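Residues per chain are reported as follows:
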Amino acid sequence: MGKGRSTRRTLDSHNIKSINKTIRAGDCVLMRPSDTNKPSYVSRVEKIESDGRGANVRVHVRWYYRPEESIGGRRQFHGSKEVFLSDHHDIQSADTIEGKCTVHSFKSYTKLDAVGNDDFFCRFEYNSSTGAFNPDRVAVFHPTCIDLSIDEAKKLEHFFCENCSSGERKKLNNSHAASRHSEAKVDGKRRRR
């Protein structure tokens with residue numbers, strides 16, 4: 001008689017003994033790459049499951065890509081801690097999880113007092129087959145290009161380019177052009193085979 005396929009069951013959480021952390025669906029994690037010269041992979045846990053005996057725990061993940069892993073590679077406007085949420089899903093052993101991390105929105109990332117090794121930010125979703133991004137563009141603002149310090153830029157509530165938005169100037173209160181000194185604070189991995 002043939003051996004039947006073991007039944008897998010979904011877990012609410014799983015303790016990763018090597019890091020003494022509990023993971024749940026929705027958590028972002030760092031995963032060990034096969035090439036030890038590469039940085040840890042970043043993914044979001046979608047589901048955790050084990051075999052019928054509670055062993056052989058696997059995680060269903062949705063990968064984040066770093067800019068250099070995307071078609072077209074890293075560009076000047078990509079942040080050093082930027083990742084893209086991809087459409088690439090995979091199943092990995094829970095044993096490959098090296099730690100938990102946080103993937104912030106860009107707005108919440110800019111408000112961090114200190115950025116840790118496990119802090120990242122995401123502005124785009126990425127189609128790993130076509131290289132397309134959603135949204136397909138994002139406003140880029142370089143404070144040093146207009147002679148602002150980072151602290152001054154964080155205090156801005158609005159910013160607009162005087163060349164592009166001169167007609168909008170009256171509509172914006174507390175913007176860079178209207179008030180530079182505002183006190184309001186700016187509210188085997190993964191390549192498809």
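Residues numbered from 1 in each chain as written. Predicted model: local features only at pLDDT ≥ 70, side-chain atom pairs only at ≥ 80, totals over all residues. Heavy atoms only, no water.

1. What to know about the packing of aromatic side chains
The condition that has to hold: Stacked, edge-to-face and tilted labels apply to pairs of Phe, Tyr and Trp rings (six-membered ring for Trp) whose centres lie within 6.5 Å, assigned for plane angles under 30 degrees, over 60, and everything in between, in that order. Residue burial is assigned from relative accessible area. The probe radius is 1.4 Å, only protein chains are included, and a residue is buried under 20% of its type maximum, exposed over 50%, and partly exposed in between. By definition here, charges over rings are those cases where NZ of Lys or CZ of Arg is within 6 Å of the ring centre and within 35 degrees of the ring normal.
Taken as a whole and judged by the stated rule, the model has nine aromatic pairs. Taking the centre distance of 5.3 Å and the plane angle of 65 degrees together, the rings of Phe-124 and Phe-133 count as edge-to-face. Residue class for Phe-124 comes out buried when judged on its relative accessible area of 5%. On the basis of relative accessible area, Phe-133 is assigned to the partly exposed category, the value being 22%. Connected via pairs of aromatic rings, a cluster forms that spans Tyr-65, Phe-84, Phe-124, Tyr-126 and Phe-133. Over the aromatic face of Phe-120 sits the side chain of Lys-81, whose NZ or CZ is 4.8 Å from the ring centroid. The ring of Phe-106 has Arg-123 lying over it, and the distance from NZ or CZ to the ring centre is 5.2 Å.

2. Here's the deal with the pattern of salt bridges
Between side chains of opposite charge, a pair can form as their charged atoms come close. Counted only if it meets this: The term salt bridge refers to a side-chain nitrogen of Lys or Arg lying within 4 Å of a carboxyl oxygen of Asp or Glu. Think of it this way: any DSSP run of H or I at least four residues long counts as a helix, any run of E at least two long counts as a strand, and we number them from the N terminus.
Evaluation of the coordinates by the stated rule reveals seven salt bridges. The shortest N-O distance in the salt bridge between Glu-49 and Arg-8 comes to 3.2 Å. Here Arg-8 lies in strand E1 (residues 8–11) and Glu-49 lies in strand E5 (residues 41–51), a separation of 41 residues in the sequence. A residue is classified by how much of its surface remains accessible, and Glu-49, at 8% relative accessible area, is buried. Here Lys-47 and Glu-49 are joined by a salt bridge, their closest N and O atoms 3.9 Å apart. Where salt bridges share partners, they join Arg-8, Lys-47 and Glu-49 into one cluster.

3. Digging into the layout of surface pockets
Counted only if it meets this: Cavities and pockets are defined on a 1 Å grid built over the protein atoms alone: a cavity is a set of grid points where a 1.4 Å probe fits but cannot escape, while a pocket is an open set with protein on both sides within 12 Å along at least five of seven lines, and lining residues are those with an atom within 4 Å of any such point. Grid points are joined across faces, edges and corners, and a volume is the space filled by probe spheres set on the points. Each residue gets one of three labels, nonpolar for Ala, Val, Leu, Ile, Met, Phe, Trp, Tyr, Cys and Pro, charged for Asp, Glu, Lys and Arg, and polar for the others, Gly among them.
Of the pockets and cavities examined, the second largest pocket occupies roughly 150 Å³. Lining of the second largest pocket is provided by His-14, Asn-15, Ile-16, Lys-17, Ser-18, Gly-54, Ala-55, Asn-56, Val-57, Ser-93, Ala-94 and Asp-95. At three residues, the largest contribution of residues to the lining of the second largest pocket is made by strand E2 (residues 13–16). Among the residues forming the lining of the second largest pocket, the class breakdown is four nonpolar, six polar and two charged.

4. Considering the state of the cysteines
Inclusion rule: In this description, a disulfide is simply a cysteine sulfur pair whose atoms lie within 2.5 Å.
By the definition in use, this model includes zero disulfides. No disulfide involves Cys-28; its sulfur sits 5.3 Å from that of Cys-101, the nearest cysteine. Judged by relative accessible area, which is 10%, Cys-28 ranks as buried. According to the relative accessible area criterion, Cys-101 is buried, its value standing at 8%.

5. A few points about unusual backbone geometry
In this structure, Pro-135 follows Asn-134 across a cis peptide bond, with omega equal to -5 degrees. With respect to the helices, strands and loops of the structure, Pro-135 is situated in the loop between strand E10 (133–134) and helix H2 (150–155). Even without a glycine there, the phi angle at Asn-20 is positive, about 55 degrees. Counting through the fold element by element, Asn-20 comes out in the loop between E2 and strand E3 (21–24). In this structure Asn-20 comes out as exposed when scored by relative accessible area, which is 63%.

6. Quick notes on the side chain of Ser-70
Here is the rule: By definition, residues are in contact when any of their heavy atoms lie within 4.5 Å.
Along the chain, Ser-70 falls in the loop between strand E6 (58–65) and strand E7 (82–93). A relative accessible area of 7% means that Ser-70 is categorised as buried. Not counting chain neighbours up to four residues away, the residues in contact with Ser-70 comprise Phe-84, Tyr-126 and Phe-133.

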